[in-house]
Amino acid sequence: MSLRLPRLKLQHKAFFALAVLLVALLLVFLGFSRLGLQRGLGPYMAEVELTGMDGLAERLVQHHEQNGGWDAARANPGFWRDMVRPGAGMGRGFPAGEPGPRPPMHMSMPMPEPRPGFEGSPGPGPGPEFPPPPGPEGGEHADRSDRSDRSDRTDRTDRPGPPPDRPFGGPWARVGLLDAQGQLISGMAPQPGAAHRVLRAANGQAIGEIVLSPVQTGQGMQRDLDRAFLAQQMGFVAWTGLAGLLLALLLSAWLTRRWLEPLTAFVDGLRGIAAGRLDTRVAIRGDAELARLAETFNDMAVQLATMEASRQRWLADVAHELRTPLSTMRAEVEAVQDGVLPMDDRMALRLHRQIMRLIRLVSDLRVSLDDPQALHGSGHVPVHVLTLLGEALDGARPGFEQVGIGLDRSTVDQLAARIPPPLVQGDTHRLHQVFANLLENSLRYTAAGGRLQVSAEIVQLQGRSMLQLRWDDTLPGVASQHLPRLFDRLYRVDASRVRDGDGLGGSGLGLAICRTIVQAHGGSIEAAASPLGGLRITLWLPLLENPAP
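### Here we look at the overall build of the protein chain
What the protein chain contains, in helices and strands, is 13 helices and eleven strands. Evaluated residue by residue, the protein chain yields a buried proportion of 35% over its 549 residues. Partitioning the intrachain contacts of the protein chain with sequence separation of at least 6 by distance along the chain shows that 70% fall at a separation of at least 24. Carbon and sulfur atoms make up 58% of the accessible area of the protein chain, which totals about 33,300 Å².

Here is the structure:
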């Protein structure tokens, strides 16, 4: 049986990812710190050592002034040895004959007087590498020699020996002299990372440089003191890095919790929406981005709830529209079966009307559900749209005259008489259906004795020539809260409105069909209050040609 590890949450994954990144950065930091100490400590110590060679610099400048240049130095093999003679202060970084830093007053003590020819002696004579030649035996000279030897032994016994070299070796073996052109005169040639000190004459002109090369890599970390210093510095860097890492981990844990915890609420909200609980909402809090995300989620939930309510209402309306003719047909058929009503021509006519109503309703439903993009370009040809509108107006005129509704079409006839007439790329049958539905809607809901005004003009919208058609009728009007929903399927302002007497009342799909067809032709349609007191329907269709308005 295999052991299954628990799945990590996104919050834990983010924390561990940040932790690994921080640890990697810490290791890189420690590595570069160690490398920097190893490579940078030598040049730094060389700079420090070079600052203590003021006496050497003064003697070199004096030599240059006395000899008028460096030619004498180049010609004298013992020049550099005389300049950097080992002495009492050499191990501390000071040339022979120069006192080192004076100790504090409370630590001062009498020092033995230096003897000629020995370390730190200002007098003439060879240094310790060249011991004085023995004098003749006996005599005053021998006594002085014996006393000197005894004094020397006493000094060597009582005084501590010369201090050891600095951790990176004695500096004098790494000193060199360059002329103003950078050419080596004496001493050691400069190595990478060497410290430079410019020598200047009395007039400020550069006459050369003292260069002190650092201890070469591989030689500077051999002593215990060197390794202890490096270990101490690396320990300090490591503890500092670990403290920073701990602080960064705590901060990353807090940030991941703060940033990712709201996602749990979004996940729960999505699960609620998926389960059909469209009233699910997410609390809006946190940063601007998370608050905007929560607001967008809630807007989506509201839209889904609205669409679901519309779908349920549409299904109920469809069921109601289908139930009405079916109930009528059932009642009449049962009456014929029971012998209450005879099966004559009048009964057949009534049944035919109910069947036609069902056919019309199903056809309207299919058209209203069609995708405008699917209808676009299907059978479209150049159409004289105003001529088509005139034919629809001519066909509807008897119905308007019968109920006493006046019909004004003067602007349509004037624009249709233009040469060339406006053309629209479209489907003749579909466009005629739009005009017929709009005229039928005005005929059904305009009070008797009213007026319908149909107007047409060419307008420019967004750089395109559009044909604008308007239907303005008289009372009764439509309340403003109903206007945005007039083009919804099966929507009626007054569901209890009595249909006309032919039994073929409207299905509530006429305006929805008009919107679908107009959009399939690249146009748009909207409803508004009419200046005449009733309803204004305005539609725009793009012209095939672009005649000026």
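From this point on, the discussion continues.
### Quick look at the sheet that holds strand E2 (residues 184–187)
Strand order in the open sheet formed by four strands is E2-E1-E4-E3, and the pairing between neighbours is antiparallel. Sheet topology places E2 and strand E3 (195–200) at the edges, where each strand pairs with a single neighbour. Strand-to-strand twist across the sheet, computed as the mean angle between neighbouring axes with direction ignored, equals 20 degrees. Alignment of strand E1 (residues 175–179) against E2, held across three bridges, turns out to be antiparallel. Bridge pairing in E2 places Gly176 opposite Gly187. Helix H2 (residues 54–67) contacts E1, E3 and strand E4 (206–212) of the sheet and is inclined by roughly 40 degrees relative to E3.

### Things to note about the confidence of the model for the protein chain
In the predicted model, the protein chain carries a mean pLDDT of 75, and the fraction of residues at 70 or more is 73%. Mean pLDDT per element in the protein chain: helix H5 (residues 139–158) is the minimum at 46, and strand E11 (residues 535–542) is the maximum at 95. pLDDT under 50 marks residues 150–169. Its contacts with residues more than four places away, or in other chains, come to 26 contacts. Of the regions scoring below 50 in pLDDT, residues 495–505 engages in 15 contacts with residues more than four places distant in sequence or in other chains.

### Thoughts on the packing of aromatic side chains
What characterises a pair of aromatic rings is the spacing of the ring centres plus the angle enclosed by the ring planes. Under the criterion given, the structure shown has three aromatic pairs. A centroid spacing of 6.1 Å and a plane angle of 25 degrees characterise the contact between Phe435 and Trp471, whose relative ring orientation is stacked. Here Phe435 is found in helix H12 (residues 428–445), whereas its partner Trp471 is found in strand E9 (residues 464–473), with 36 residues between them in sequence. Each of the two residues, Phe435 as well as Trp471, counts as buried.

### As for the side chain of Thr474
Inspection of the secondary structure assignment puts Thr474 in the loop between E9 and helix H13 (510–520). A polar side-chain atom of Thr474 sits 3.1 Å from the main-chain amide nitrogen of Arg451. Not counting residues within four places of it along the chain, the set of residues in contact with Thr474 comprises Thr446, Gly450, Arg451, Leu532, Gly533 and Gly534.

### Things to note about the packing of helix H10 (residues 385–403) against H12
Two elements in contact, H10 and H12, have axes whose closest approach is 9 Å; the angle formed by their N-to-C orientations is 30 degrees. When the axes of H10 and H12 are compared, the pair comes out roughly parallel. Judged by the sense of rotation from one axis to the other, the crossing of H10 with H12 is right-handed. Residue-level inspection shows Val385, Leu388, Leu389, Ala392, Leu393, Ala396, Gly399, Phe400 and Val403 of H10 in contact with H12, the latter providing Thr428, Leu431, His432, Phe435, Leu439, Ser442 and Leu443. Partitioned by chemical class, the residues of the contact of H10 with H12 number twelve nonpolar, four polar and no charged.

### Notes on the sheet that holds strand E6 (residues 406–408)
Taken in spatial order, the five strands line up as E6-E8-E9-E11-E10 in an open sheet, and their pairing is mixed. Of all the strands in the sheet, just E6 and strand E10 (524–529) have a single pairing partner and so form its edges. Across the sheet, the axes of successive neighbouring strands diverge by a mean angle of 20 degrees, strand direction being ignored. The sheet contacts of H10 involve E6, strand E8 (451–461), E9 and E11, and relative to E9 the element is tilted by about 5 degrees.

### Describing H2
Helix length check: H2, at 14 residues, gives a terminal C-alpha distance of 20 Å against a target of 20 Å (1.5 Å per residue), a fit within 8%. Regarding H2, the residues found buried are Gly55, Leu56, Ala57, Leu60, Val61, His63 and His64. For H2, the secondary structure elements touched by its buried residues are helix H3 (71–75), helix H4 (79–83), E1, E3 and E4. Downstream of H2 by one or two residues, Gly68 has phi in the positive range, about 70 degrees.

### Focus: the packing of H12 against H13
Here H12 crosses H13 at 145 degrees, and the two axes come no closer than 9 Å. Crossing hand, H12 versus H13: left-handed. Residues Arg430, Leu431, Gln433, Val434, Asn437 and Leu438 of H12 lie in contact with H13, whose contacting residues are Gly510, Leu511, Ile513, Cys514, Ile517 and Val518. In the contact of H12 with H13, the residues fall into eight nonpolar, three polar and one charged.

### Description of the nonpolar core
Residues Phe435, Leu469, Trp471 and Leu486 are the most contacted members of the largest nonpolar core, which totals 50 residues. It is H10 that contributes the most residues to this core, eight residues altogether. Excluding its chain neighbours within four sequence positions, the residues that come into contact with Phe435 are Val385, Leu388, Leu389, Ala392, Leu469 and Trp471. In terms of nonpolar packing, the next biggest core, distinct from the first, is built from 23 residues, Leu50, Leu60, Met83 and Val84 among them.

### Details of the pattern of salt bridges
Counted according to the given criterion, the structure contains ten salt bridges. Salt-bridge contacts for Arg409 lead to Asp394; the nearest nitrogen and oxygen are separated by 2.5 Å. Remark: Asp394 occurs in helix H10 and Arg409 occurs in the loop between E6 and helix H11 (410–416); sequence separation between them is 15 residues. For Arg409, a relative accessible area of 12% gives the class buried.

### So, the side chain of Gln468
Considering the arrangement of structural elements, one finds Gln468 in strand E9. Here Gln468 falls in the buried class, since its relative accessible area comes to 9%. The contact partners of Gln468, leaving out residues within four places of it in the chain, are Ser455, Ala456, Glu457, Val459, Thr538, Leu539 and Trp540.

### As for H13
Of all eleven residues making up H13, eight are buried, and the element is well covered by its neighbours. Restricting attention to buried positions, one finds in H13 the residues Leu511, Ala512, Ile513, Cys514, Thr516, Ile517, Val518 and Ala520. Positive phi appears at Gly522, one or two residues downstream of H13, with a value of about 80 degrees.

Calculation notes
Residues numbered from 1 in each chain as written. Predicted model: local features only at pLDDT ≥ 70, side-chain atom pairs only at ≥ 80, totals over all residues. Heavy atoms only, no water. Helix = DSSP H or I, 4+ residues; strand = E, 2+ residues; numbered from the N terminus. Buried < 20%, exposed > 50% of the residue type's maximum accessible area, 1.4 Å probe, protein only. Contact = heavy atoms within 4.5 Å. Areas by Shrake-Rupley, 256 points an atom, 1.4 Å probe, with all protein chains shown as cover. Pairing = 2+ DSSP bridges. Axes fitted to C-alpha atoms, helices over the stretch in contact; angles between N-to-C directions. pLDDT = per-residue confidence, 0-100. Phe/Tyr/Trp six-rings, centres within 6.5 Å; stacked < 30°, edge-to-face > 60°. Polar contact = N/O pair within 3.5 Å; in protein donor to acceptor, adjacent residues only side chain to side chain. Parallel < 35°, antiparallel > 145°, perpendicular 65-115°, else oblique. Left-handed = near helix turned anticlockwise from the far one by under 90°. Nonpolar A, V, L, I, M, F, W, Y, C, P; charged D, E, K, R; others polar. Expected span 1.5 Å × (residues − 1). Core = buried A, V, L, I, M, F, W, Y, C linked by side-chain atoms within 4.5 Å. Salt bridge = Lys/Arg side-chain N within 4 Å of Asp/Glu carboxyl O.

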